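Okay, here's what each chain looks like letter by letter:
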Amino acid sequence: MLKSIKGWKKYILIYVAALVLSHLITNFFQSPLPEQEEANKTVQLNIVNPDQSLSDKDITIGYQDIYSGSEDNPPVLLLLPGGPEGPEVFQEIIPDLSSKMRVIIPHLPGYGSGNDNLPSYSFETSSVYTSQFLDTLNISTAHVFGFGLGGPSAIHLAHDHPNKIKSVGLIASVGVQELELLGSYRLNHAVHGLQLGAVWLLHNAVPHFGLFEAIDIDVSYAKRHYESDQRPLRSYLKQLRKPMIILHGKKDPLVPLAAAQEHHRIVPQSELQLYEADHDLLETHSDSVSQAINSFITEVEQGTATTADNASKERIKEAEKSFSNVEFAKFEGVSLLIIMVIIILGTLISEDLTCIGAGLLVARGLIGFWPATLACFLGIFIGDVGLYLAGRVLGRPAIKRAPFKWFISEKDLEKSAQWFKVKGPAIIIATRFLPGSRMPTYFSAGVIRAGFWMFIFYFILAGLVWTPMLVGISKLLGNELLRYFELYQDYAIWVFLGAVAFIIMFIKLIIPAFSYKGRRLLLSRYRKLTRWQYWWPIIIYTPVTLYIIYLGIKYRCLTLFTAVNPAIPDGGFVGESKSAILDLFKDSSSVASFKRISFDEEFENMLDAADEFLKENEMSFPVVLKPDVGERGKGVSIIKDRHELQDYLSECSEDIIIQEFVEGKEVGIFYYRKPQEEEGHIFSITKKELPQIVGDGKKTVQELILSDDLAVNMGKEYLKQNEDRLFEIPAEKERITLVDIGTHARGAVFFDGKELITEALSKRMNEICKSARGFYFGRFDIKVPDYEQLKDGKGLKIVEVNGVTSESTNIYDDRFTFIEGQNILMNQWQIAFEIGDQLRNNGREVTSLYPFLKRIFNQLVKTKE
């Protein structure tokens, strides 16, 4: 089976199969890894919503309840784990503590419990679970100690339910926002968002077959970081009245010693015990930690522990001082390396924001200026050189495939290439100071294969100026920024969005208003916004699509319209061959000469086929070339000489049609015939006019386009299509045709032509359509010498026929309102369903929904590629 699947599809299939198997194994089989310490009891709690309200749904929480002493009513010690280790982090200290007090360890969600599907995992949510837990066990008061991320939950519990708490203990605990990670809530939130995304992908998008269960950091733990807000903790700690003890390792690489010192400072009744340990002090110093906890709780129980009411005046005075970072030691050793790695990774998300964050860390005294600058520079270097190499390795073939072609066109790259060849060094330096321009520029530099060492040299030069400057400015303004940080958080995003809106308005509206060209293009933009004929198809067709669904329900078949033209696959909905449809009408002698040319990687073979067509039909240039499968005029070109023919074929990547160029007027005739009727009907006629400007011997082509009241409506499109001759001055009364293709999307002007419908024309259309068996509904694009001959049914040359998705293009006449246009389109689809229903009753096949949708999807993917 795999042999029949080629290329990237095979690898995707293998990946999906492996991923499904991995999830089945992890969900239905036990992990091959050793299990964590099991809870010896369970309790039912209400699930907590993000707003801290209680849900009607329950969750089972395991917990350990251990006491080996002899007292009837011992003190209760509630230990809150901090993750990602889970409750087992306390195992070394439980034996000593449980002999003197009742030790309870709840297995709360997000702390090693492995439940990833709860509404919230924040510190505040955890305190609500803990309060429920105490109430369920009928515990009125307890000593609450939190390890790591369990510390903030203990602080929240003490703040929200002070009557339930006898004392608070923080063990290697995080706390105040200023000393957590990058010090800024928004910066930390961005880092934690990256962490959550990476952890989720690692656990859910990588086939690991249960092996990643060995990684302590699971999704619920990452969600706890992302959903929590440490900004209120400083205020909560200052309001704490109960005794408090802080136990911390001097060499803790995860939670800086400065955090413990700051907690000790702002809580004047607190005790601080420091150990020659890192974050694993519960394991490496279990005896001394157990002794400190026992002694502290004994003092609290005896009423001799310090509270906020009897704290020393010196400590109270110290606690009242504003936060200052100058006394805290910088990150050193492993902790410095971790912070630098975080900064490097941060630059891959946002270079400038990370540089600002690094400057704030320098301002706080947590990292030196040069280590911060070096980390920023390395991250920027890795990311931007990676962009260059990606462009160089993937090259132009990638631009022709999704998803790159959706964002970067071949024309964009060509312009960048020309720009880069002339001003490469200046561009590299300038883009360093222009956020948003770096990705396309550096990737383009790789695609066009700009000199690698030239790129590196000027990139380093620009980076050595930009990076220290941005970090330095952030450092200098850091303390001032911190002073107004709360105000900034509340209003910065709105100020930023307002500034962006003003800049866009200034660039798009105010600046253009100072020039004639700008004012005329503003008028063009206004008319396109206020005249529905220029709106995006998705807006125009949303009501029509809803009406089609209604008709599908009414006729009990959503795809009934696919039966409307039995001779065309799916009635001509999408992906139909233009040449195959034209072949249906060859007997009518009204089809313009054409030939289908199959795609060949050797374009000379396609050129030979085109030459053969010209020779067989004794034809010369111009001729028309267009894709055999296409829509809305995409890829249609009038070829005026052999050089243009060679250029078109050399860029070709699909089957095409070569067709004679027919002079004269072009019209769109929408025709239908119901199966029970002998004669069909002309639903509408559209006159397609190619817009022209008339020279006066003074104005340039650009000026004539902008000054013409009709041409200005699509002024931007006409300027683009005539860019090679914009500054030519046509002679007086010289006529210049602005577009050469009769397609509304390409700039042709459409007018309703109902006055052209005659009995003679209707008769001729019936003769043409009856010659094609299995055709009942569609639009003909026809060339005629003039409108009088059209009314007589003479001189018709069919250049294209479209099936069920044909538009009655007369709606693009400015005289029709939006409602009138919608009525015409809906009437058209009503007729299509009526014809489909009659043909279904006559035994014609209707495409079923799944194959129909599958073909549409395949065609859309093919179009994107």
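Please refer to the structure higher up on the page.
The rules behind the values
Residues numbered from 1 in each chain as written. Predicted model: local features only at pLDDT ≥ 70, side-chain atom pairs only at ≥ 80, totals over all residues. Heavy atoms only, no water. Patch = residues over 30% accessible without salt bridge, like charges linked within 9 Å, V, L, I, M, F, W, Y side chains within 5 Å. Areas by Shrake-Rupley, 256 points an atom, 1.4 Å probe, with all protein chains shown as cover. Salt bridge = Lys/Arg side-chain N within 4 Å of Asp/Glu carboxyl O. Lys, Arg positive; Asp, Glu negative; His and termini not counted. Charge placed at Lys NZ, Arg CZ, Asp CG, Glu CD. Helix = DSSP H or I, 4+ residues; strand = E, 2+ residues; numbered from the N terminus. Buried < 20%, exposed > 50% of the residue type's maximum accessible area, 1.4 Å probe, protein only. Pairing = 2+ DSSP bridges. Axes fitted to C-alpha atoms, helices over the stretch in contact; angles between N-to-C directions. Contact = heavy atoms within 4.5 Å. Left-handed = near helix turned anticlockwise from the far one by under 90°. Phe/Tyr/Trp six-rings, centres within 6.5 Å; stacked < 30°, edge-to-face > 60°.

A. Just a negative patch on the surface, in detail. On the surface, Glu 92, Asp 278, Asp 280 and Glu 283 cluster together into a negatively charged patch. Summarising the element assignment, Glu 283 is placed in helix α9 (residues 281–284). When its relative accessible area of 56% is taken as the criterion, Glu 283 is described as exposed.

B. Structural detail: the sheet that holds strand β13 (residues 665–672). Spatial strand order, β17-β14-β13-β18-β19: five strands in an open sheet with antiparallel pairing. A strand with exactly one partner marks an edge of an open sheet, and here the two such strands are β17 (749–752) and β19 (797–802). The mean inter-strand angle of the sheet, taken between neighbouring strand axes irrespective of direction, is 25 degrees. The sheet contacts of helix α27 (residues 759–770) involve β13, β14 (681–689), β18 (777–784) and β19, and relative to β13 the element is tilted by about 70 degrees.

C. Molecular detail of a nonpolar patch on the surface. A surface patch of nonpolar side chains, amounting to about 800 Å² of accessible area, comprises Leu 194, Leu 337, Val 341, Leu 345, Leu 348, Ile 349, Leu 374, Leu 378 and Ile 382. At the level of secondary structure, the elements contributing two or more residues to the nonpolar patch comprise α12 (333–347) and α14 (369–399). With respect to the secondary-structure elements, Leu 345 resides in helix α12.

D. Main features of the sheet that holds strand β12 (residues 656–660). An order of β9-β12-β10-β11 is seen for the four strands of this open sheet, with the pairing classed as antiparallel. The open sheet has two edge strands, β9 (594–597) and β11 (637–639), and neither has a second partner. Across the sheet, the mean angle from the axis of one strand to that of its neighbour is 25 degrees, orientation sign disregarded. The sheet contact formed by strand β10 (residues 623–627) and β11 spans three bridges and is antiparallel. Paired with Val 624 across the bridge in β11 is Ile 638. Contacting β9, β10 and β12, helix α23 (residues 603–616) crosses the sheet at an angle of about 165 degrees to β9.

E. Structural detail: a positive patch on the surface. Positive charge collects at one region of the surface, where Lys 508, Arg 525, Lys 716 and Lys 720 lie side by side. With respect to the secondary-structure elements, Arg 525 resides in helix α20 (residues 516–530).

F. Local environment of the packing of helix α3 (residues 123–136) against helix α4 (residues 150–160). Where α3 contacts α4, the two axes come as close as 8 Å, and the packing angle between them is 65 degrees. Every pair of crossing elements has a handedness; the one defined by α3 and α4 is right-handed. Contacts between α3 and α4 involve Phe 123, Glu 124, Ser 126, Ser 127, Thr 130, Ser 131 and Leu 134 from the former and Pro 152, Ser 153, His 156, Leu 157 and Asp 160 from the latter.

G. Region of interest: the pattern of salt bridges. Taken as a whole, this structure holds 33 salt bridges when the rule is applied. One salt bridge connects Glu 800 with Lys 578, and the closest N-O pair in it is separated by 2.8 Å. Of this pair, Glu 800 sits in strand β19 while Lys 578 sits in helix α22 (residues 578–583), placing them 222 residues apart in sequence. Linked through salt bridges whose partners overlap, the residues forming this network are Glu 178, Arg 234, Glu 262 and Arg 265.

H. Representation of the packing of aromatic side chains in the model. All told, the structure shown has 28 aromatic pairs when counted by the stated rule. For the pair Phe 90 and Phe 147, a centre-to-centre distance of 6.5 Å together with 80 degrees between the ring planes defines the contact as edge-to-face. Within this pair, whereas Phe 90 is found in the loop between β3 (76–80) and α2 (94–98), its partner Phe 147 is found in strand β5 (residues 142–147), the two being separated by 57 residues in sequence. Just as Phe 90 is buried, Phe 147 falls in that class too. Measuring from ring centre to ring centre gives 5.7 Å for Phe 561 and Phe 852, while their planes differ by 75 degrees; the resulting arrangement is edge-to-face. Here the residue Phe 561 occupies a position in the loop between α21 (537–554) and α22, and Phe 852 occupies one in helix α30 (residues 849–864), the gap between them amounting to 291 residues. On the basis of relative accessible area, Phe 852 is assigned to the buried category, the value being 5%. Taken together, the aromatic side chains of Phe 377, Phe 381, Tyr 388, Phe 452, Trp 453, Phe 455 and Phe 459 make up a single cluster linked through ring pairs.

I. Layout of the pairing of strand β2 (residues 54–66). Looking at chain direction, strand β1 (residues 41–48) and β2 are connected through seven bridges and run antiparallel. Bridging across to β2, Val 43 finds its partner in Ile 61. Of the pairings in the sheet, the one linking β2 to strand β4 (residues 102–106) comprises four bridges and is antiparallel in character. The residue bridging Ile 66 from the neighbouring strand is Val 103, located in β4.

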